[in-house]
Amino acid sequence: MKIPHAVNHQLAGKRVLLTGATGGIGRAVARRLATAGASLLLVARQPEALLALRQQLPGQHSCFSADLTSTEELQALAEFVNTTGGIDMLINNAGTSQFALTAEQNYPAQIALNLLAPMQLCQLLLPQLQQRTAATIVNIGSAFGSIGYPGFSGYCASKFGLRGFTEALKRELSSKALRVLYFAPRATQTSMNSAAVVAMNQQLGNVMDSPDEVAAQLLKQLQSGQSRWFVGWPEKLFVRLNAFLPELVDRAIKSKQAEIGKYAAGANQSVSVQHNHSNGAAKITVTRS
Ligand SMILES: NC(=O)c1ccc[n+]([C@@H]2O[C@H](COP(=O)([O-])OP(=O)(O)OC[C@H]3O[C@@H](n4cnc5c(N)ncnc54)[C@H](OP(=O)(O)O)[C@@H]3O)[C@@H](O)[C@H]2O)c1
């Protein structure tokens with residue numbers, strides 16, 4: 001009888017490409033992966049931030065500076081991966097978000113980085129990842145990839161798209177050797193969130209996780225291999241509710257719409273957000289004027 005060999009998805013000794021490595025969530029994920037023994041290829045635009053991060057991490061890692069919204073730079077990154085021994089895991093984490101009413105939204109910027117870049121990077125790196133005996137793609141989505149929220153129309157569209165892409169890719173490949181995972185944090189204390197978002201979340205009582213809590217959840221998903229992972233209650237519940245009974249979520253959001261709209265339009269708040277660049281977390285102070 002032929003005994004199927006177990007696929008080893010352990011992190012120790014694996015090479016992981018992490019985009020958005022210098023951001024709030026990226027740094028926390030980098031620290032946890034490096035501590036688990038992975039060797040990282042850290043990617044972001046600013047080379048100084050990449051080098052500084054690499055110095056802080058235990059183990060041997062490399063950096064690649066690229067603007068992921070440029071097709072040429074994506075191709076250069078893929079070329080670098082293919083000529084330096086390949087990777088075992090791709091984490092598409094770089095992202096951007098704009099909180100504004102529809103008239104003010106910059107849709108191309110959000111779609112380019114949050115949706116097109118991960119799709120193209122998967123496409124470019126798939127042939128190499130498929131040669132590995134055990135490989136993983138993780139696309140970092142958001143609770144807003146399942147719940148349309150006022151003031152985030154561009155971001156929601158990009159993350160809904162990313163969730164759809166991830167699901168289709170997972171079903172297309174359907175292989176134990178190459179896992180395709182979707183990881184969805186809820187609001188997190190990083191510089192991606194503008195002062196208005198922070199103030200709105202405080203007012204509405206929306207919890208904002210620390211980047212390290214989010215990274216710990218991602219490591220749990222990697223360990224379990226679960227295809228879809230949503231961080232936090234009640235967001236987890238709202239994601240399911242929105243799929244089955246969207247009218248209920250319409251009503252819940254409608255009751256808060258006036259407040260949300262006020263912040264999205266630039267409410268009269270004075271907010272200070274201080275970012276701790278050594279750990280990626282943000283300290284937030286809100287004062288009403
Ligand atoms: N923070 C939240 O509330 C939250 C909630 C749910 C989901 N998420 C998702 O989690 C992921 C990480 O978010 P975060 O909060 O950690 O963001 P962040 O702190 O703003 O960090 C963004 C990272 O992406 C890099 N980046 C930005 N534009 C880039 C570009 N054009 N090319 C290459 N790299 C670029 C930045 O470095 P450079 O500027 O040097 O390029 C930085 O490393 C995103 O996908 C986001 O959508 C975040």
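Numbering of residues starts from 1 in every chain and runs along the sequence as written. For this predicted model, a pLDDT threshold of at least 70 governs which residues receive local features, and a threshold of 80 or more governs which side-chain atom pairs are given and counted, while totals over whole chains, interfaces and linings are taken from all residues. The basis for the side-chain values is all heavy atoms of the structure; hydrogens and waters are excluded.

Per an unreviewed UniProt entry, the chain goes by the name SDR family oxidoreductase and belongs to Rheinheimera riviphila. In its Sequence similarities (unreviewed entry) section, the UniProt record describing the chain reads: "Belongs to the short-chain dehydrogenases/reductases (SDR) family." UniProt positions are given in the numbering used here, feature names are shortened, and annotations may be inferred rather than shown by experiment.

### Observations concerning the pattern of salt bridges
Every case where a carboxyl oxygen of Asp or Glu lies within 4 Å of a side-chain nitrogen of Lys or Arg is listed as a salt bridge. Tallied over the entire structure, the rule returns 7 salt bridges. A salt bridge links Asp 212 to Arg 32, with the shortest nitrogen-to-oxygen separation between them at 3.0 Å. One end of the pair, Asp 212, is in helix H7 (residues 211–224); the other, Arg 32, is in helix H1 (residues 24–35), and 180 residues separate them in sequence. Only protein chains enter the accessibility calculation, which uses a 1.4 Å probe; a residue whose area is less than 20% of its type maximum is buried, one above 50% is exposed, and one in between is partly exposed. The partly exposed category is assigned to Arg 32, whose relative accessible area is 33%. We note a salt bridge from Glu 167 to Arg 171, for which the minimum N-O separation is 3.2 Å. Of the two residues, Glu 167 and Arg 171 both sit in helix H5 (residues 153–173), 4 residues apart, roughly one turn of that helix. Classification of Glu 167 by relative accessible area gives partly exposed; the value is 25%. Taken together, the salt bridges that share partners define one network made up of Glu 167, Arg 171 and Arg 228. Helix numbers and strand numbers start at the N terminus; a helix is a DSSP run of H or I with at least 4 residues, a strand a run of E with at least 2.

### Topic: the nonpolar core
Counting residues in hydrophobic clusters, the biggest one holds 31 residues, and the most contacted among them are Leu 33, Leu 40, Leu 42 and Ile 91. For this core, the secondary structure elements donating two or more residues are strand E1 (15–19), H1, strand E2 (39–44), helix H2 (47–56), strand E4 (89–92), strand E5 (135–140), strand E6 (178–184) and H7. Counting residues per element, this core draws most heavily on H1, which supplies 6 residues. When checking whether two residues touch, look at their non-hydrogen atoms; a contact exists if any pair is within 4.5 Å. Each residue touching Leu 33, except ones within four places of it in the same chain, is listed here: Leu 11, Val 16, Ala 38, Leu 40, Ile 91, Leu 219 and Leu 222. Membership of the second largest hydrophobic core comes to 29 residues, among which are Leu 68, Leu 74, Leu 77 and Leu 129. Side-chain atoms within 4.5 Å are what join buried Ala, Val, Leu, Ile, Met, Phe, Trp, Tyr and Cys residues into a set we call a nonpolar core.

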